Amino acid sequence: MSKSLPYSVKDVHYDNAKFRHRSFFKVITQTLFTSDMKRECVSYSTGKFLGLFMIFGLACLILTHASKTPSATDGLSKGLETNEEHKVVTDVGVRFKKLLRRAPRLPPRLSGNEKVSSGIFTGKPNEHDEEKWKARQRNVKEAFIHAWSGYKKSAMGYDELLPLSMQGFDGLGGLGATVVDSLDTAMIMGLEEVVSEAGSWIESNLLERISQKGDVNLFETTIRVLGGLLSAYHLSGGDQDMNLANTGPKPTIYLEIAKNLADRLLSAFTSSPTPIPYSDVLLKNSSAHPAHNLLSSTSEVSTLQLEFNYLSAISGDPKYKTEGMKVFAHFKTLPKVEGLVPIYISPHSGEFIGQEIRLGSRGDSYYEYLIKVWLQLRSIQDGNFTYLYDMYEEAMRGVRHLLVQKTIPNELVFVGELPGGSKGSFSPKMDHLVCFLPGTLALGATKGITKEKAMKDNLLTIEDFENLKLAEDLAKTCFEMYSVTSTGLAPEIAYFHTKDFYEDGLGGGNQSSEYVNDIIIKFNDRHNLLRPETVESLFVLYRITQDPKYREWGWQIFQSFEKYTKVDSGGYTSLNDVTTLPPQRRDKMETFFLGETLKYLYLLFGDSSVIPLDKFVFNTEAHPFPIKDAIYLEGGSFMMKGTM
Ligand code: DMJ
């Protein structure tokens, strides 16, 4: 049966979380009578056991009678200790208390499902496994080469390839978006020929295009073109004053073009009467205007800051960061529904418009950038950005409370929508776009380090555990959105069977899937645009949990892309209907297939030390930027080598 709201701490089965609120006495007794200690005690002689008990008793006495001095708290667990943990104790007491708190650092209790598939805490994968994943990574690299050659042959310099009609199409303002979106993927894969082709095209053409082109969307241009230039700058050694690329232009070329582009994009901020930028920019004369409906999308205006902040850091000019961060400072002041926000905002009034709340289109990356911008800026001394973390935490509480439900009959966890705001009814509808959320939740929980390390260092709060659990549950649902269809590819939008909603005859077509009655796919939502969100989350979850099932799921999805979207003459295509065989094809290869989907798959199958998640932050288009401390220390040097 489906469980109703809230999806919260009761859904978290990890034992470690509980220890945070235990008294010392409980910690001692429970440590003695559970887990490893319990097993060991059984084999001990009674004398040894009593001796141990007396030592602990003595320790309790010391702690009870200790005088009081302040205790330090770790930044990450700030605000999460109980009052009891804030009690002050002597130095001896502090040390002893730490010892006691370390005792319960146990691996989480894994669900049956996880036990079967997981190699989490069992050490390194064996050699055979590593060979298998290297070979699979090579397959992804070949797919990238196939996609790039199709584009190069028929559409070089256009924004996108139409692979069936074998021509180019400018759907993003005509800046050669596929070239720029693909470049850092080629760098990461060590594909020097592609780096040279893309880099030379950018060096010879992009500035001219920028100065001559008309309307572009501020958000799309920032995440794909500006983001692509900035990560190419970093990966080719720009931050280190080196040229790590054996081929293509010098890194400063990417930076010069990025500045030129961003200077024009800034007009969206400076011509708006509020801190909320207009949605469109006329590049050729650096002017900006609102969209036809006069509104900006919430996600669009809040998904520019990673790029603008990084540009300020490397150019030494604060103006980009200043404008971008005004948006978040303004958002901080606006009313929200348990941290959740409507999907439209007016650049004229600075107020939200309408009540529609969702984590899919127009809402999604607002939540993603709250935590990622905090991760990017948290070590910087010149400002206090904790409010971003607080807004993120509040929003995720809102998600768990208001948007998460489980399906009938198999209890898949999904994130629905509130089309009428907090007072309207719940809609069991989820865009594929929402599948970015598992990755973001996992990243927000451990801040990029592995779950194992975070647990060992006692860094995870109860909310972190709740978010991690939701991340893992939701990633499964996202994966099942693929496996429930005939093609093994997800639809753009899915509905879910709940106690209030069901429509018969709208399954995905794969009758052998056990979730065929849980997931409903309406006729208009059956297309697949080669989107990255699910494989992005599988990549992040694999890095954080080290659970090989995420790699296997990614491999399954990759094989379906190969089987149904590959076009013989070059490139990959979007599909019109993932539920029927053979699927009808749509004739479009989106730039994010090369920029994101294939990059995340490649990284998922590769060595986890490449672009580590605690040193880099990926923008929403999968362009990695180093986090401040990593810029000079580690950035770049390992990137251009590739791994094959
Ligand atoms: C990409 O451009 C970005 O990931 C964006 O945040 C959402 N849409 C596409 C991919 O689906």
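Treat the numbers as computed from the prediction; the structure is a model and nothing was measured.

Criteria and cut-off values
- Counting restarts for each chain: residues are numbered from 1 in the order of the written sequence.
- In view of the model being predicted, local features appear only for residues whose pLDDT reaches at least 70, and side-chain atom pairs are presented and counted only at 80 or more, with totals across whole chains, interfaces and linings using the full set of residues.
- Hydrogens and water molecules were not included; the side-chain quantities draw on all heavy atoms of the structure.
- UniProt positions are given in the numbering used here, feature names are shortened, and annotations may be inferred rather than shown by experiment.
- Exposure categories follow from relative accessible area, calculated using a 1.4 Å probe and restricted to protein chains: below 20% of the type maximum is buried, above 50% is exposed, and the middle band is partly exposed.
- Any two residues having at least one pair of non-hydrogen atoms within 4.5 Å are treated as being in contact.
- Polar contacts here mean pairs of N or O atoms no more than 3.5 Å apart (in protein, one a potential hydrogen donor and the other a potential acceptor; neighbouring residues in sequence count only if both atoms are side-chain atoms).
- One bridge is not enough; two strands pair if DSSP finds at least two bridges between them.
- A run of H or I in DSSP becomes a helix once it reaches four residues, and a run of E becomes a strand once it reaches two; helices and strands are each numbered from the N terminus.
- Only a pair of cysteine sulfur atoms within 2.5 Å qualifies as a disulfide here.
- We count a salt bridge whenever a side-chain nitrogen from Lys or Arg sits within 4 Å of a carboxyl oxygen from Asp or Glu.

Turning to the UniProt feature "binding site: Ca(2+)" (unreviewed entry) in the chain, a few remarks are in order. UniProt's entry tags Thr620 with the feature "binding site: Ca(2+)" (unreviewed entry), counted in the numbering of this structure. Residue class for Thr620 comes out buried when judged on its relative accessible area of 13%. Sequence-distant contacts of Thr620, that is, excluding residues within four places in its chain, are made with Phe219, Ile223, Thr303, Ser365, Glu368, Tyr369 and Glu596. One polar contact links Thr620 to Glu368, side chain to side chain, over a distance of 2.9 Å.

Moving on, we get to the sheet that holds strand E7 (residues 344-345). In spatial order, the strands read E6-E7-E8; together these three strands make up an open sheet with antiparallel pairing. Only two strands of the sheet have a single partner each, and these edge strands are strand E6 (296-297) and strand E8 (352-353). Relative to E7, E6 is paired through two bridges, and the arrangement is antiparallel. Across the sheet, Ser297 pairs through a bridge with Tyr344, a residue of E7.

A full pass over the atoms with the stated rule returns one disulfide. Linked covalently through their sulfurs, Cys435 and Cys478 form a disulfide whose S-S length is 2.1 Å. Linking Cys435 and Cys478, the disulfide has an S-S dihedral of approximately -95° and is accordingly described as left-handed. On the criterion of sequence distance, the pair formed by Cys435 in the loop between strand E11 (429-431) and helix H19 (437-446) and Cys478 in helix H21 (residues 462-483) is long-range, its members being 43 residues apart.

Our focus in this paragraph is the pattern of salt bridges. Close approach of charged atoms allows side chains of opposite charge to pair. Evaluated as defined, the whole model comprises 32 salt bridges. Glu130 is the salt-bridge partner of Arg551, the closest N and O atoms lying 3.9 Å from each other. Of this pair, Arg551 sits in helix H23 (residues 549-565) while Glu130 is found in helix H8 (residues 127-155), placing the two residues 421 residues apart along the sequence. Judged by its relative accessible area of 3%, Arg551 is buried. The partly exposed category is assigned to Glu130, whose relative accessible area is 30%. Residues Glu472 and Lys451 are paired through a salt bridge, measuring 3.3 Å at the closest nitrogen-oxygen approach. Of the two residues, Glu472 sits in helix H21 while Lys451 sits in helix H20 (residues 451-456), which places them 21 residues apart along the sequence. The exposure class of Lys451 is buried, given its relative accessible area of 3%. Counted as one network, the salt bridges with shared partners bring together Asp129, Lys132, Arg136 and Glu552.

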